[in-house]
Amino acid sequence: MKWIVGLGNPGSNYAKTRHNIGFMALDRLADRHHISITQSKCKALIGEGNIGGVKTVLIKPMTYMNLSGESVRAYMDFYKVSLEDLIVVYDDMDTEIGKVRLRYQGSAGGHNGIKSIIQHTGTQQFNRVRMGISRPEPGHAIVDYVLSTFMKKEKEALDQTIEQTCDALEHSLTHTFEQTMAKFNG
């Protein structure tokens, strides 16, 4: 079994913001495979299904970004799942919009959701898909930027990022993460 955690903030006022691109990717993956992410468990909305012959659980923490680790820890403890089977999907300002970067370890890089997961799991070693949202123009506050919506001119690149993320996630279910990194980090 694999479990995929998309990071974001709950509530309609955050739904289309840059910080919620992880939720957007999970929703698209769920649509592709007719999975309903509606069960409320472990401080998250959860959907279970079969993707490419692999039992997969899609998880959207409802704790707000900065406390995402609480939900991850609760799911780990309750279901006794392994971190080796986890993939975290989230926004990354150091990757340009339209691109994704896969990593299997590393620091939080200033991302509070990842910082919380590292705190609650006690390790920096877990698979992740970093979805590009680009950096704000100089002088723009980062918090305002990540909580802003995408501009119309970014729609095509946003869709490309989401589709590429879903393709990488599907590939990772039947290949090693190293093989998936080699293919999608290209």
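As a reminder, the structure under discussion sits directly above these lines.
Residues numbered from 1 in each chain as written. Predicted model: local features only at pLDDT ≥ 70, side-chain atom pairs only at ≥ 80, totals over all residues. Heavy atoms only, no water.

Undergrad: What is the right way to read the overall build of the protein chain from this model?
TA: A tally of helices and strands in the protein chain yields 6 helices and 7 strands. For the protein chain, the α and β elements follow one another from N to C terminus as β-α-β-β-β-α-β-β-α-β-α-α-α. The C-alpha atoms of the protein chain give 15 Å as radius of gyration, which agrees with the globular expectation for 186 residues (16 Å, within 12%). Along the longest, intermediate and shortest principal axes, the C-alpha atoms of the protein chain span 45 × 30 × 30 Å. (Helix = DSSP H or I, 4+ residues; strand = E, 2+ residues; numbered from the N terminus. Rg over C-alpha atoms; globule rule 2.2 N^0.38 Å.)

Undergrad: So what exactly am I meant to see when it comes to unusual backbone geometry here?
TA: Of all residues except glycine, most have a negative phi; of all peptide bonds, most are trans. A positive phi angle, near 55 degrees, is found at His34, a position not held by glycine. Even without a glycine there, the phi angle at Cys42 is positive, about 55 degrees. You can see Cys42 is positioned in the loop between β2 (39-41) and β3 (44-51). What makes Cys42 buried here is its relative accessible area of 18%. (Buried < 20%, exposed > 50% of the residue type's maximum accessible area, 1.4 Å probe, protein only.)

Undergrad: When you look at the environment of His19 in this model, what are you seeing that I'm missing?
TA: Mapped onto the fold, His19 is located in the loop between β1 (2-6) and α1 (21-32). Judged by its relative accessible area of 12%, His19 is buried. In the structure, His19 is positioned 46 residues away from Met65 in sequence and 8.3 Å away in space, judged by C-alpha atoms. The contact partners of His19, leaving out residues within four places of it in the chain, are Leu7, Gly8, Asn9, Met65, Asp91, His111, Val146 and Leu147. (Contact = heavy atoms within 4.5 Å.)

Undergrad: Help me understand the pattern of salt bridges in this model?
TA: Pairing is possible between side chains of opposite charge, provided their charged atoms come close. In this structure the tally under the stated criterion is 14 salt bridges. Between Arg135 and Asp94 there is a salt bridge, with its nearest N and O atoms 2.9 Å apart. Here the residue Arg135 occupies a position in the loop between β7 (127-132) and α4 (142-146), and Asp94 occupies one in the loop between β5 (86-92) and β6 (100-103), the gap between them amounting to 41 residues. Judged by its relative accessible area of 53%, Asp94 is exposed. Close ionic contact of Asp159 with Lys155 constitutes a salt bridge, the shortest N to O distance being 2.8 Å. Note that Asp159 and Lys155 are positioned in helix α5 (residues 155-174) at a spacing of 4 residues, about one turn of the helix. What you see here is one network of salt bridges that share partners, running through Arg28, Arg32, Lys155, Asp159, Glu163, Asp167 and Glu170. (Salt bridge = Lys/Arg side-chain N within 4 Å of Asp/Glu carboxyl O.)

Undergrad: What should I look at first to understand the sheet that holds β3 in this one?
TA: Picture the strands of a sheet paired through backbone hydrogen bonds; they go either parallel or antiparallel. Read across the sheet, 7 strands follow the order β2-β3-β4-β1-β5-β7-β6 without closing on themselves; strand pairing throughout is mixed. The open sheet is flanked by β2 and β6, the only strands paired with a single partner. Averaged over all pairs of adjacent strands, the angle between their axes in this sheet comes to 25 degrees, without regard to strand direction. Pairing geometry for β1 and strand β4 (residues 54-61), over 4 bridges, is parallel. Bridging from a neighbouring strand, Lys2 pairs with Thr56 of β4. Contacts between α5 and the sheet are confined to β1, β3, β4, β5, β6 and β7, with β7 contributing the most and set at about 165 degrees to the helix. (Pairing = 2+ DSSP bridges. Axes fitted to C-alpha atoms, helices over the stretch in contact; angles between N-to-C directions.)

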